[in-house]
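Here are the chains, one letter per residue:
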Amino acid sequence: MANATGGRPLIGVSTYLEAGTRWGVWELEAALLPAGYPRLVQRAGGLAAMLPPDAPEHAASVVSRLDGLVIAGGPDVEPGRYGAERDPRTGPPARDRDAWELALIEAALGAGVPLLGICRGMQLLNVALGGTLVQHLSGHAEVVGVFGRHAVKPVPGTLYAGLVPEEMSVPTFHHQAVERLGVGLVACAYAGDGTVEAVELPSGVGGGWVLGVQWHPEMGEDLRVMRGLVGASG
C-alpha cells in the first residue's frame, strides 16, 4: 500500500493509559509507551505514532490512516475474553485497552494492514481469532521487572523463519502464553519447553502480513522482525 508519509511507513503502536504517572512536578493520568517501541520502529525505517486507548468504534478510521500496526506488550488479557475463569495469578483487567486493541486488530485484519503483536499483542491476536491462553506458566519471567532471555526456534517455511532462520536468544518477560491457537493461526516458533513463541497467519490469510511474537524485540538489538513489518508496510 502507498504510505501516507511519502517516505517512511507510518506505524501505529498501541499504548498504556496509566493513572498516577509522575514526571517533574506532575502526577497525572498519562498515555505512555516504553521508549524501546518507537525507537525500534524508527531504527527499522518506520515513523512511529502512539495510539492511546480510544472508543472501539474509531478503530477502523485510525487503522485506515496507518501503513502498519503494532499491538504492544502490557497487562494480562481479561480471561472472560476467551471464555475462562480468572486464575488468581492473572493480573487485574484492563478492559478499555482490551476493547480498543481488539478493535484495532479486527480493523487491521479486515483492511489488510500489516500487523505485529508483541507479547500481550500476540496473545490478544490469538484471542481475537478465537484462541485461548494459558494463564500462568513458570520460567519465562523469573524476576519481577527484569527481562530474561531464552532461545526460540523457528518453524521452517514460515514467515518468521524467513525473517529469522536460525535459533536465537530473545529478551522475554511473560507468564502467560498461547493455549489453543486462534482460527487460521499457525505456530512459527517455539521455546525449548514447547511454549509457542510466535504465531502468524499464512500468506494471504486475513488479507496481509500478520505476525505475533511472545518476546520483546524492543528490548534487544535485532531489527529483523520490525524490519519485516516496516517492509510490508511500505
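Draft legend 1. Here's a closer look at the sheet that holds strand β6 (residues 115–118). What the 9 strands build is an open sheet, ordered β4-β1-β5-β6-β13-β12-β11-β8-β9; its pairing is mixed. Sheet topology places β4 (47–51) and β9 (168–172) at the edges, where each strand pairs with a single neighbour. Neighbour-to-neighbour, the strand axes of the sheet open up by a mean angle of 25 degrees, direction not taken into account. Direction of pairing for strand β8 (residues 148–154) relative to β9: antiparallel, over a ladder of 5 bridges. Looking at β9, one finds that G148 is bridged to T172. Across the sheet, helix α3 (residues 95–111) lies against β1 (10–14), β4, β5 (68–71), β6 and β13 (210–213), angled at about 150 degrees from β5, the strand it touches most.

Draft legend 2. Broad picture of the environment of A177. For A177, the position within the fold is in strand β10 (residues 177–178). For A177, a relative accessible area of 2% corresponds to the buried category. Considering only alpha carbons, one finds A177 and L137, 40 residues apart in sequence, at a separation of 7.6 Å. Apart from the residues lying within four places of it in its own chain, the contact partners of A177 are Q123, T132, L133, V134, L137, T195 and Q214.

Draft legend 3. Quick look at the pairing of β8. Where β8 and strand β11 (residues 186–191) come together, 3 bridges link them in antiparallel fashion. Residue pairing in the sheet places P154 in a bridge with A189 of β11.

Draft legend 4. Quick peek at the environment of G46. By the secondary structure assignment, G46 is in the loop between α1 (36–43) and β4. Judged by relative accessible area, which is 0%, G46 ranks as buried. Taking the C-alpha atoms as reference points, G46 and V230, separated by 184 residues in sequence, lie 5.9 Å from one another. Sequence-distant contacts of G46, that is, excluding residues within four places in its chain, are made with R8, P9, V41 and V230.

Draft legend 5. Focus on α1. Where α1 is concerned, the buried positions are G36, Y37, P38, L40 and V41. Just downstream of α1, G45 is the residue with a positive phi angle, here 100 degrees.

Draft legend 6. Layout of the packing of aromatic side chains. Taken as a whole and assessed by the stated rule, the structure comprises 2 aromatic pairs. Between the aromatic rings of Y160 and W215, the centroid separation amounts to 5.5 Å while the plane-to-plane angle is 65 degrees, which identifies the pairing as edge-to-face. Here W215 lies in the loop between β13 and α6 (224–233) and Y160 lies in helix α5 (residues 159–163), a separation of 55 residues in the sequence. Overall, the relative accessible area of 0% leaves Y160 in the buried class. Among the residues examined, W215 registers a relative accessible area of 3% and is labelled buried. If you follow R97 out to its NZ or CZ, it ends over the ring of Y16, 4.6 Å from the centre.

The rules behind these values
- Residues numbered from 1 in each chain as written.
- Predicted model: local features only at pLDDT ≥ 70, side-chain atom pairs only at ≥ 80, totals over all residues.
- Heavy atoms only, no water.
- Pairing = 2+ DSSP bridges.
- Helix = DSSP H or I, 4+ residues; strand = E, 2+ residues; numbered from the N terminus.
- Axes fitted to C-alpha atoms, helices over the stretch in contact; angles between N-to-C directions.
- Contact = heavy atoms within 4.5 Å.
- Buried < 20%, exposed > 50% of the residue type's maximum accessible area, 1.4 Å probe, protein only.
- Phe/Tyr/Trp six-rings, centres within 6.5 Å; stacked < 30°, edge-to-face > 60°.
- Lys NZ or Arg CZ within 6 Å of the ring centre and 35° of its normal.

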